[in-house]
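# Summary of structural features
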Amino acid sequence: MTTLLICLPLAAALIVWVLPLNPVSAGALALLAALAEVGIWIQLLVRYDFAQGGLQFSDQHTWFSDLNVSYHVGVYGFSVWLIGLTVVVMAATITYGFWAGRERIRAYMGLMLFLMGAIVGVFAAQDLLLFYAFFEAMLIPLYVLVGVWGGPGRMGATLKFVLYTMAGSLLMLASIVVYGLSEHTFDLVQIGQSSSQWIFLGFVAAFAIKAPLFPLHGWLPDAYRESSPEVAAVLSGVVSKAAAYGFLRIAVTKFPGPAHDFRAPILALAAIGLIYGSLLAFRAPDLRGVIAYSSLAQMGLIIMGVFAVNDLSLDGSVLQMVNHGLVSATLFLLAGMVERRALTGELGRLGGMARGRPALATMLLTTGVIALAVPLSSAFAGEFLILAGVFQRGWGWAVAGAVAIVLAAMYVLRVVSAVLHREVGSAVSDSALDLRPAELGVTVPMIACLLALSIWPAAITQHSFRGDHGAADVAGQFK
Amino acid sequence: MIPKPHVDWFALAPVDSLLVAAGVALLCAVLVPRSWRKGVAAGVCGLGYAAAFGFGVALYVKSADGHGVVADAFNRDRLTALATMIVAGTGLLVTGVAYRERAREDHAAEYYALLAASGAGMAFFVGANNLMTLFLALEWFSISLYILCAIDRDRLGGLEAALKYLVIGGFGSAVLLFGSALVYGATGKLDFPGIAAAGAQDNALLVFGLAMLIAGLAFKASAAPFHMWTPDVYEGAPTPVTAFMAAATKTAALVVTLRVLVTAFPANAHLWTVAIAVIAVCSLVVGNLAALVQRGVKRMLAYSSISQAGFMLIGVSANSPLGGRALLYYLIPYTAMSVGAFAVVAARERELGVPVTFENMAGFGWERPLLGISMWAFLLGFAGFPLTGGFVGKFYVFAAAYEHGWTWLVIVGVLATLVSLYYYLGLVRAMFMRRTEDLQLAPIGGSPPRETLLQTAVVTCLVVTVGSFFAVQPLIDLCKHAVNSLPWGV
């Protein structure tokens, strides 16, 4: 079943590339594949035995035996949720791309599907080399998606993005070689824990750049601004979670010693990123800038949660990964819809869009309210758990987090009022329509997921780790 | 009467079939009417390579226990067979790529005859078991290649390339010959096992000879600092010939380097492992940094081939069966990627009629999606991305370096890969990411030529490049048996 989840989008991508379909049928086929993927994931969710936990639906075949590398995939409780995030967000973005009518739709849809398969693969891989292969394979479609369908500054943005990411990834490759050969296996389930700080730092470099963790976020504003909205949604919503997953699955689990030694500096960087990102988001002149920097801030929070390594913070960070994925993807898509109407994302030229556009106003406001972690929202649950967990590692970290939550309220409300309220901006024409049915079809399900999680956050927090004891599960390497 | 050694004709069958092909192709130049000449000569050359490949497979199957044949001058073992297969496969693909290259009919038959002859030389070279056959085979294929570079006599670039190749290649051969003489002087032996058995470990003469042998082979593998000829020759030679040189010559030179060092100089391993590692690092640094500033695609690929030689030499420097497997495995996707990349360049060249640069590759990916996507895959493969064999190759090479205890070499390799991304992805960028408005192209007249053979070759290369990522186990088994025919740890 896991293999099917990985292969279905890849196969669909090949079909879309190879068959000479017309734009509509190519898009429809891609959409169908994405929805089928969601269906399979629901099957996975229903059939995964959360009471038992651990690795399920695993599938293993030898890839090359002399170095003990195998194709080994499977899912844990928390990876079920991350895969769910991936398939939902990808289905929404594919729908949006189809509706928005991207040029060269066959190439575009194929790449999106390929990306989907690669991301699901990252969350399912149980072999270090396979994990690396999927981790890198994500970059191939992203490079083209940003570089071909991006804005005017896309060349610089892609170059920066790829060089940053690959610098980290290649350090990780060196770490994987050293780690796997010294342990005589590359199997993530079997491989033992290591106390080598250098290997640990190689992995951290890759994940910290991909997430990104302050101060390695140089690629982020350009990539998020220059790519098309749906690609930005995938980048911030899902791809960054691959890094957070890596921290959880590899860095913290396999390197308990180094993770302990480096806890203070990593928590400090995450806290700085959290506050600095929030401040930048508050000052950003455009819609995408705000979402991009808030993404930096939220990733800081999630990484704090992972590195605090206790039951509360781990539950919170998994919940927050899913939350933030849905929130930032929805926000990027909404930003795209606003930009489509106003032809700009500059907050100074927007305003007053709520008047006569109730659907847009409702969607943006609902997402914004969840993003700023209003009590009862799922983001509140996630952030509260993380802060409570981090508090056990020192009250200072929790204070930094709490300050950032206040800042989050400031930047979200600033965006909402700058887009929806105030007087009508110069770029907003009266003829700009409210959200179309297709746009609602993309955003409503995502917001529905967020509301469902708000009602029952325990769906994730109590179903991520074995016996709902994250710290013990991490210490036991999820075995 | 001179005693005549027993000749194992089966062991020499790949070489012989290529020689026969060369001879028949030459005869075509006089016997076959002009209008048929090119087709027949190309067909004969292709058949020769196909036969050599087939014999290579048969030899691989039938030579589980490697031994010397023809008075121990030639090795009949799986290493020879595998290297022959790679060289012959390359030759077959290059024949397909070259078919449309020469619009005018002059020297068409000679062209294919030389192509087959140089392949024969390489097939003999990879099996050489003493310094005499080594040098003989080296000259054999080198001379064929010198002429092939210059075969377009009306192209000044080709003549310059050939002259440069001749002078520097001749110098390299001389160094190799002198090195052989010194080794013979130190040990009194010509055959590799004999040199090893002589056991003259700290003999200055032997060490000098070894150094010169390595230098001579590094000239052929175009590893820095013996690479000066590579960019000019690769740029000036007809593109299919460049493809052949980049893929087959490098394969032959690297395989022979591995064989000579492991078989003949096990006692000096502490010296040559370091020397090869230094050469590898030089190649990585020089190749990657120089490739960054190239605007011509062929020159960029030339520098990239220098850096790829560096990666493969890391495998040699590990002096272990794992390193040998890494080298042989790496060669399989590498040859496919090189032939494929140069074939795509050749297609573009024929379309435009001018040397291919980054600028005039703009929009190519969308105009000709098959070639564009293949080129994309080859470049990602060179850069070591997953879904291509280049990734697994790099992984094996790094694993070999680590196993040898050289983590620093892994780090150097990783950094070199990072630098290489800039120019590999730069070309992808040029092919796919320019808007159509940015393009100012004036392709010479009409739609591009239909080139079924070239496209078939490119698709084959694509299949090998991607397939080698998935089918690692069978290929590694193939390489493992080949490498095990070397006397490891004796």
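Computed from a predicted structure; not experimentally measured. (Residues numbered from 1 in each chain as written. Chains lettered and ligands numbered in written order. Predicted model: local features only at pLDDT ≥ 70, side-chain atom pairs only at ≥ 80, totals over all residues.)

The subject of this paragraph is the overall build of chain B. For chain B, the count of helices and strands is 19 helices and two strands. If you line up chain B on its principal axes, its C-alpha atoms span 70 × 55 × 40 Å. In chain B, which comprises 490 residues, the proportion classed as buried is 62%. Pairs at least 24 apart in sequence give 80% of the contacts found in chain B among residues at least 6 apart. (Helix = DSSP H or I, 4+ residues; strand = E, 2+ residues; numbered from the N terminus. Buried ≥ 20, exposed ≤ 12 C-beta atoms within 10 Å, placed from the backbone. Contact = placed C-beta atoms within 7 Å.)

What follows concerns helix H13 (residues 321–352) of chain B. Residue and element names in this part refer to chain B. Taking 1.5 Å per residue, 32 residues should reach 46 Å; H13 reaches 46 Å between its end C-alpha atoms and fits that length. Of all the bends found along H13, the most pronounced is centred on Leu331 and spans about 25 degrees, while Pro333, a proline, follows it within four residues. Following H13 by one or two positions, Gly353 adopts a phi angle in the positive range, close to 75 degrees. (Expected span 1.5 Å × (residues − 1). Bend = angle between axes of the 7 residues up to and from the residue.)

Another point: the interface of chain A and chain B. Between chain A and chain B, the contact holds 27 residues from the first and 24 residues from the second. Elements with a contribution of two residues or more to the side of chain A that touches chain B: strand E1 (56–64), helix H5 (128–137), helix H6 (139–149) and helix H7 (154–183) of chain A. No other element matches the twelve residues that H7(A) contributes to the side of chain A that touches chain B. Its residues assigned to classes, the side of chain A that touches chain B comprises 22 nonpolar, three polar and two charged. (Nonpolar A, V, L, I, M, F, W, Y, C, P; charged D, E, K, R; others polar.)

Moving on to unusual backbone geometry. A cis geometry characterises the amide bond from Phe214(A) onward to Pro215(A), with omega recorded as 0 degrees. Tracing the backbone through its elements, the reader meets Pro215(A) in the loop between helix H8 (197–210) and helix H9 (220–226). Note the cis peptide between Ala224(B) and Pro225(B), where omega equals 5 degrees. Mapping Pro225(B) onto the fold places it in the loop between helix H8 (204–221) and helix H9 (230–236). Here the phi dihedral of Leu376(A) falls at roughly 85 degrees; this positive angle occurs in a residue that is not glycine. Among the residues examined, Leu376(A) registers 12 C-beta atoms within 10 Å and is labelled exposed.

Residue and element names in this part refer to chain A. The buried count for strand E2 (residues 69–75) comes to six of seven residues, which makes it a mostly enclosed element. With six bridges connecting them, E1 and E2 associate as antiparallel partners. Each bridged residue has a counterpart across the sheet, and for Gln56 the counterpart in E2 is Val75. A loop of four residues connects E1 with E2, the two strands running antiparallel in sequence, and Asn68 in this loop sits at a positive phi of about 60 degrees. (Pairing = 2+ DSSP bridges.)

Looking now at the domain arrangement of chain A. All names here are of chain A. Taken domain by domain, chain A holds domain 1 (1–261) and domain 2 (265–479). On the side of domain 2, 46 residues touch domain 1, which itself brings 42 residues to the contact. Of all the secondary structure elements, the ones that give two or more residues to the side of domain 1 that touches domain 2 are helix H3 (77–100), H9 and helix H10 (229–254). For the side of domain 1 that touches domain 2, the element with the highest residue contribution is H10, accounting for 14 residues. (Domains from an automatic or database assignment.)

Where a protein is soluble and globular, its nonpolar side chains tend to be buried together. Met138(A), Ile303(A) and Ala25(B) are the most contacted members of the largest nonpolar core, which totals 404 residues. Three or more residues apiece are contributed to this core by two domains, here domain 1 (1–261) and domain 2 (265–479) of chain A. Setting aside anything within four residues of it in sequence, one finds Ala25(B) in contact with Ala41(B), Val44(B), Cys45(B), Ala109(B), Tyr112(B), Ala113(B) and Ala116(B). (Core = buried A, V, L, I, M, F, W, Y, C linked by C-beta atoms within 7 Å.)

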